[in-house]
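One-letter residues, chain by chain:
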Amino acid sequence: TVAARSVPGGRIEIGVRVHAGQVCVALRTLRGRTASPPLEADDAENLQVASQLVALSGGSLKVALDGGQEQPFASLVLPAAQQVAVLVIDDNVDTLQLFQRYLEGTRYPFIGVRDPAQALELAKQLAPKIIVLDVMLPGMDGWELLGRLREHPVTRAIPVIVCSILLQERLALTLGAAGFLRKPVNRAALLAALDAQAERLLKGAR
């Protein structure tokens, strides 16, 4: 907002790049024919608050009000969100496609599998950070698969979120699940459940 006010009749260009685990945003103001108005008191205070908020997130914000077009009006650096791969095990192709759409553009790369026998091997090979498991599966019961995941040394530490149309949260948690989602699942509920597990993983890694 401050940048927009500083270039009446001009334009703003925003460039973004990812480097060394950081997201770097450069905001340039290209002045028009109208002279730049002086900075208002509220704008200065807002920039200071913004800088403090960015610092709390582990980043930095630098603003050059009189830097001209050679120097960015603002340079924002933030740590890139850690990618948390999610393996979704569900025999319903529509559910897999829905979850894939839910996770697009998030920090949760999607891996989907329908065959429970294949899912166990895939979990061993890829070691995803989180598993979302439907319990109504063909060939191998989801509860049996949960037990195998909890027993295998490669997968026993991976948090499993059981996802079912049935009200079986207590059973899921008793059998070793880290969380439970009741179908049908909306995007907000899925992301909230994944965020909760990702936060626990982050705390455990500290």
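Residues numbered from 1 in each chain as written. Predicted model: local features only at pLDDT ≥ 70, side-chain atom pairs only at ≥ 80, totals over all residues. Heavy atoms only, no water.

What to know about the overall build of the protein
Item 1. Secondary structure summary: the protein contains 7 helices and 9 strands in total.
Item 2. For the protein, whose C-alpha radius of gyration is 24 Å, the value lies well above the compact-globule estimate of 17 Å for 206 residues.
Item 3. When burial is assessed residue by residue, the protein has 34% of its 206 residues classed as buried.
Item 4. For the protein, contacts bridging at least 24 residues in sequence account for 55% of all contacts bridging at least 6.
Item 5. Carbon together with sulfur atoms contributes 53% to the accessible area of the protein, which is approximately 12,100 Å² in total. (Helix = DSSP H or I, 4+ residues; strand = E, 2+ residues; numbered from the N terminus. Rg over C-alpha atoms; globule rule 2.2 N^0.38 Å. Buried < 20%, exposed > 50% of the residue type's maximum accessible area, 1.4 Å probe, protein only. Contact = heavy atoms within 4.5 Å. Areas by Shrake-Rupley, 256 points an atom, 1.4 Å probe, with all protein chains shown as cover.)

Considerations on the nonpolar core
Item 1. Counting 22 residues, the largest nonpolar core has Ile89, Ile131, Leu133, Leu145 and Val162 as its most contacted members.
Item 2. Where this core is concerned, the elements lending two or more residues are strand S5 (86-89), helix H4 (116-126), strand S7 (130-134), helix H5 (142-151) and strand S8 (160-164).
Item 3. Among the nonpolar cores identified, the runner-up in size contains 19 residues, and Val84, Phe99, Val132 and Leu190 belong to it. (Core = buried A, V, L, I, M, F, W, Y, C linked by side-chain atoms within 4.5 Å.)

Quick notes on the packing of aromatic side chains
Item 1. Tallied over the full model, the rule gives 1 aromatic pair.
Item 2. Where Phe99 meets Tyr102, the ring centres are 6.0 Å apart and the plane angle is 25 degrees; that geometry is what we call stacked. One end of the pair is Phe99 and the other is Tyr102, both in helix H3 (residues 93-103) and 3 residues apart, which spans about a single turn. Accessibility assignment for this pair places Phe99 and Tyr102 in one class, buried. (Phe/Tyr/Trp six-rings, centres within 6.5 Å; stacked < 30°, edge-to-face > 60°.)

Quick look at the sheet that holds strand S2 (residues 22-30)
Whether parallel or antiparallel, the strands of a sheet pair through hydrogen bonds between backbone atoms.
Item 1. Judged by pairing direction, the sheet is antiparallel, and its 4 strands sit side by side in the order S1-S2-S4-S3 without closing on themselves. This sheet does not close on itself; its edge strands, each paired only once, are strand S1 (11-19) and strand S3 (60-63). Strand-to-strand twist across the sheet, computed as the mean angle between neighbouring axes with direction ignored, equals 10 degrees.
Item 2. As paired strands, S1 and S2 are joined by 9 bridges and run antiparallel to one another. Bridge assignment links Arg17 to a residue of S2, and that residue is Cys24.
Item 3. Strands in contact with helix H2 (residues 41-56) are S3 and strand S4 (74-79); relative to S3, the strand with the most contacts, it is inclined by about 155 degrees. (Pairing = 2+ DSSP bridges. Axes fitted to C-alpha atoms, helices over the stretch in contact; angles between N-to-C directions.)

Quick look at the packing of H4 against H5
When two helices pack together, their arrangement is captured by the angle between the axes and the distance separating the axes.
Item 1. Axis separation between H4 and H5 bottoms out at 11 Å; the angle between their running directions is 15 degrees. With respect to H5, the axis of H4 lies roughly parallel. As for how H4 packs across H5, the hand of that crossing is right-handed. Of the residues in H5, those touching H4 at Pro116, Leu120 and Ala123 are Leu145, Arg148 and Leu149.
Item 2. Within the contact of H4 with H5, the residues separate by chemical class into 5 nonpolar, no polar and 1 charged. (Parallel < 35°, antiparallel > 145°, perpendicular 65-115°, else oblique. Left-handed = near helix turned anticlockwise from the far one by under 90°. Nonpolar A, V, L, I, M, F, W, Y, C, P; charged D, E, K, R; others polar.)

Quick word on the sheet that holds S8
Item 1. The sheet built from 5 strands is open, its strands ordered S6-S5-S7-S8-S9 with parallel pairing. Of all the strands in the sheet, the pair left with one neighbour each is strand S6 (110-113) and strand S9 (179-182). Across the sheet, the mean angle from the axis of one strand to that of its neighbour is 20 degrees, orientation sign disregarded.
Item 2. Across 4 bridges, S7 lies against S8 in parallel orientation. Of the residues in S8, the one forming a bridge with Leu133 is Val162.
Item 3. In the packing of H4 onto the sheet, the strands contacted are S5, S6 and S7, and the crossing angle to S6 comes to about 150 degrees.

Observations regarding H4
Item 1. Looking only at H4, the buried set comprises Pro116, Ala119, Leu120, Leu122 and Ala123. Taken around the axis of H4, the buried residues stretch over an arc of 165 degrees, which confines them to a single face.
Item 2. Capping the start of H4 is the job of one residue whose side-chain oxygen sits 3.0 Å from the backbone nitrogen of Ala117: Asp115.
Item 3. A positive phi of about 45 degrees marks Ala127, the residue just after H4. (Arc of directions from axis to C-beta. Polar contact = N/O pair within 3.5 Å; in protein donor to acceptor, adjacent residues only side chain to side chain.)

What about the pairing of S5?
Item 1. Burial along S5 is two-sided: the face carrying Val86 and Val88 and the face carrying Leu87 and Ile89 are both buried.
Item 2. As paired elements, S5 and S7 share 4 bridges and run parallel to each other. Bridged to Leu87 within S7 is Ile131.

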